[in-house]
Amino acid sequence: MDISFLGGPRPQRGVGVVAPFDFALDRELWRWVPDEVSLHLTRTPFVPVEVSLDLARLVSEHETLREAVRALCAVAPEAVAYACTSGSFVGGVAGERAMCAAMTQAGELPSVTTSGALLDALAAMGARRIAVVTPYTESVTSSLEEYLGQAGIAVTGRAFLGLTRHIWKVPYRDVVDMARQAVVGAADCLFISCTNLPTYDVIPQLEAELRMPVLSANQVTMWSALRRIGACAVGPYQRLLIDEAERTRQPAPEQSHEQQQQQEG
């Protein structure tokens, strides 16, 4: 059979993703990605440490990130994301910026981290007061709160599970229960932390029940990384994505006659 008429696979744009060695939710990340974009994932080297502030520091060392980005560059992504919340907030706002700089330098590509993406998403939504849900221990959760405080974001309520392993096995019902506990003040939105915590299908349910936007670690990571290449994340009934789609559909403001003359001149 002659199949030459097929031509070949459609051209793909690429986003590189650096994930911690224990990341188990590759499939979830893909759910936010449009058909014309491919994800290229790599992982940090294994270290025999459970989820903690120590682990967050180990998996986010600059040389570790640089080596991962150099490996990803072999498949020519257009942007790179570090998909780890605790690893990108453990050093505070300055530490997160330094991680982005290290990755950008290594690959000469636009780079984002989960915690930086969170701040971008909060800014896009005009949110300054948030409720926080995490699977972490109290010390790691407090570190997230400190990071947010440095960025001028107030935490109105929080709930956490105290886990140090197997976070990807947490069922949606536990995430919902934590969200109900955390939303106790006048929050602008809810943030569900940890890229290893499943959230895709629970976001619409929580937004409807709590009547506020709900952000999650994987959601904001993909939203921000795709924005860097001029693409939009996909996902039904998620306020962040709906707002982004509406912004991209808005026509550019019309230029005044004076502005047009200045351009022509």
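See above for the structure.
Residues numbered from 1 in each chain as written. Predicted model: local features only at pLDDT ≥ 70, side-chain atom pairs only at ≥ 80, totals over all residues. Heavy atoms only, no water.

Asks: Is there a simple way to explain the sheet that holds strand 8 (residues 214-216) in this structure?
Replies: Sheet strands associate in pairs through backbone hydrogen bonding, adopting either a parallel or an antiparallel arrangement. Judged by pairing direction, the sheet is parallel, and its 4 strands sit side by side in the order 6-5-7-8 without closing on themselves. Single-partner strands in this sheet number two, and they are strand 6 (154-160) and strand 8. In this sheet, adjacent strand axes meet at a mean angle of 20 degrees when their direction is disregarded. Of the pairings in the sheet, the one linking strand 5 (residues 129-134) to strand 7 (residues 189-192) comprises 4 bridges and is parallel in character. (Pairing = 2+ DSSP bridges. Helix = DSSP H or I, 4+ residues; strand = E, 2+ residues; numbered from the N terminus. Axes fitted to C-alpha atoms, helices over the stretch in contact; angles between N-to-C directions.)

Asks: Can you walk me through the environment of Phe 191 in this structure?
Replies: The residue Phe 191 is located in strand 7 in this model. Assessed through its relative accessible area of 0%, Phe 191 is described here as buried. Separated by 59 residues in the primary sequence, Phe 191 and Val 132 place their C-alpha atoms 5.0 Å from one another. For Phe 191, the residues in contact, after removing those within four places along its chain, are Thr 85, Leu 118, Ile 130, Ala 131, Val 132, Val 133, Leu 144, Leu 215, Ser 216 and Ala 217. (Buried < 20%, exposed > 50% of the residue type's maximum accessible area, 1.4 Å probe, protein only. Contact = heavy atoms within 4.5 Å.)

Asks: For this particular structure, what's the right way to read the pairing of strand 1 (residues 13-19)?
Replies: Both faces of the sheet carry side chains from a regular strand, because those side chains alternate between them. Taken across its 7 residues, strand 1 has 6 buried, putting it largely inside the fold. Two elements, strand 1 and strand 2 (residues 37-43), share 7 bridges in a ladder whose sense is parallel. Note on strand 2: the bridge partner recorded for Val 17 is Leu 41. Crossover connection from strand 1 via helix 1 (residues 26-31) to parallel strand 2: handedness right-handed. (Right-handed = clockwise from strand over helix to strand, strands pointing away.)

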